[in-house]
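Structural description and commentary
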Amino acid sequence: AAASFTMPTGPREEMPDIGTLKSRIADVVDVLGDFASKRQEGVTRVEYVSLLAEDLQQVYGYNGELVELLLQLFSPAEALEFIEASEKPRPVTIRTNTLKTRRRELAQALISR
């Protein structure tokens, strides 16, 4: 499907749903990965990167400057991987001040709540 990806044309008044945007992001990243053979005739790399940046902003809610910075620092595939990794929730951890309580006592107090 990525080899037949075509850039959207005309005014973009209607916002596509998240699934469509994620599919388009994957297609654009694939095209940018092998730009010479997969690009659409007459469409520049800048246009593909601009479309990718807009879609990333819509799907993940990042501001324009941050998306541009990530696309400057990383390849499009790495930037997408970084953004997706950043969206995963971090594990919850609790630190204990061992001068005031013991870990076992704190755990029992929290479980009994």
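Residues numbered from 1 in each chain as written. Predicted model: local features only at pLDDT ≥ 70, side-chain atom pairs only at ≥ 80, totals over all residues. Heavy atoms only, no water.

Re the pattern of salt bridges
One pass over the structure, following the stated rule, counts two salt bridges. With a shortest N-O distance of 2.6 Å, R24 and D55 are connected by a salt bridge. Taken together, the residues span a long stretch of sequence, with R24 in helix α1 (residues 18-33) and D55 in helix α3 (residues 45-60) at a distance of 31 residues. Note on D55: relative accessible area 2%, which makes it buried. (Salt bridge = Lys/Arg side-chain N within 4 Å of Asp/Glu carboxyl O. Helix = DSSP H or I, 4+ residues; strand = E, 2+ residues; numbered from the N terminus. Buried < 20%, exposed > 50% of the residue type's maximum accessible area, 1.4 Å probe, protein only.)

A closer look at the nonpolar core
A general feature of soluble globular proteins is that nonpolar side chains tend to end up buried together. Ranked by internal contacts, the top residues of the largest apolar core, which has 24 residues, are F5, I25, V28, Y48, L52, L56 and Y60. If you list the elements that add at least two residues to this core, you get α1, α3, α4 (64-73) and α5 (76-87). Per-element accounting of this core gives the leading share, seven residues, to α3. Among all residues touching L52, those that are not within four sequence positions of it are I25, V28, V29, L32, L71 and P76. (Core = buried A, V, L, I, M, F, W, Y, C linked by side-chain atoms within 4.5 Å. Contact = heavy atoms within 4.5 Å.)

Quick word on a nonpolar patch on the surface
Together, L66, L69 and L73 line one region of the surface with nonpolar side chains, adding up to about 270 Å² of accessible area. Checked against the element boundaries, L73 lands in helix α4. Looking at L73, the relative accessible area reads 58%, which means it is exposed. (Patch = residues over 30% accessible without salt bridge, like charges linked within 9 Å, V, L, I, M, F, W, Y side chains within 5 Å. Areas by Shrake-Rupley, 256 points an atom, 1.4 Å probe, with all protein chains shown as cover.)

Focus on the packing of α1 against α5
Packing of α1 against α5 leaves a shortest axis separation of 8 Å and a crossing angle of 145°. Judged by residue contacts, I25, V29 and L32 of α1 engage P76, A77 and L80 from α5. Taken together, the residues that form the contact of α1 with α5 break down as six nonpolar, no polar and no charged. (Axes fitted to C-alpha atoms, helices over the stretch in contact; angles between N-to-C directions. Nonpolar A, V, L, I, M, F, W, Y, C, P; charged D, E, K, R; others polar.)

Some details on the packing of aromatic side chains
Scanning all chains against the criterion turns up three aromatic pairs. Look at Y60 and Y62: their rings are 6.5 Å apart centre to centre, the planes differ by 75°, and that puts the pair in the edge-to-face class. Residue placement shows R45 over the ring face of F35; its charged tip is 5.4 Å from the ring centre. (Phe/Tyr/Trp six-rings, centres within 6.5 Å; stacked < 30°, edge-to-face > 60°. Lys NZ or Arg CZ within 6 Å of the ring centre and 35° of its normal.)

Section: the confidence of the model for the protein
Averaged over the protein, the pLDDT score is 88; the fraction of residues at 70 or greater is 92%. Mean pLDDT across the elements of the protein bottoms out in helix α2 (residues 35-38) (88) and peaks in α4 (96). (pLDDT = per-residue confidence, 0-100.)

A few points about α5
Taking 1.5 Å per residue, 12 residues should reach 16 Å; α5 reaches 17 Å between its end C-alpha atoms and fits that length. Of the positions making up α5, those classed as buried are P76, A79, L80 and I83. In an axial view of α5, the angular spread of the buried residues amounts to 100°, which keeps them on one side of the axis. Against α1, α3 and α4 lie the buried residues of α5. (Expected span 1.5 Å × (residues − 1). Arc of directions from axis to C-beta.)

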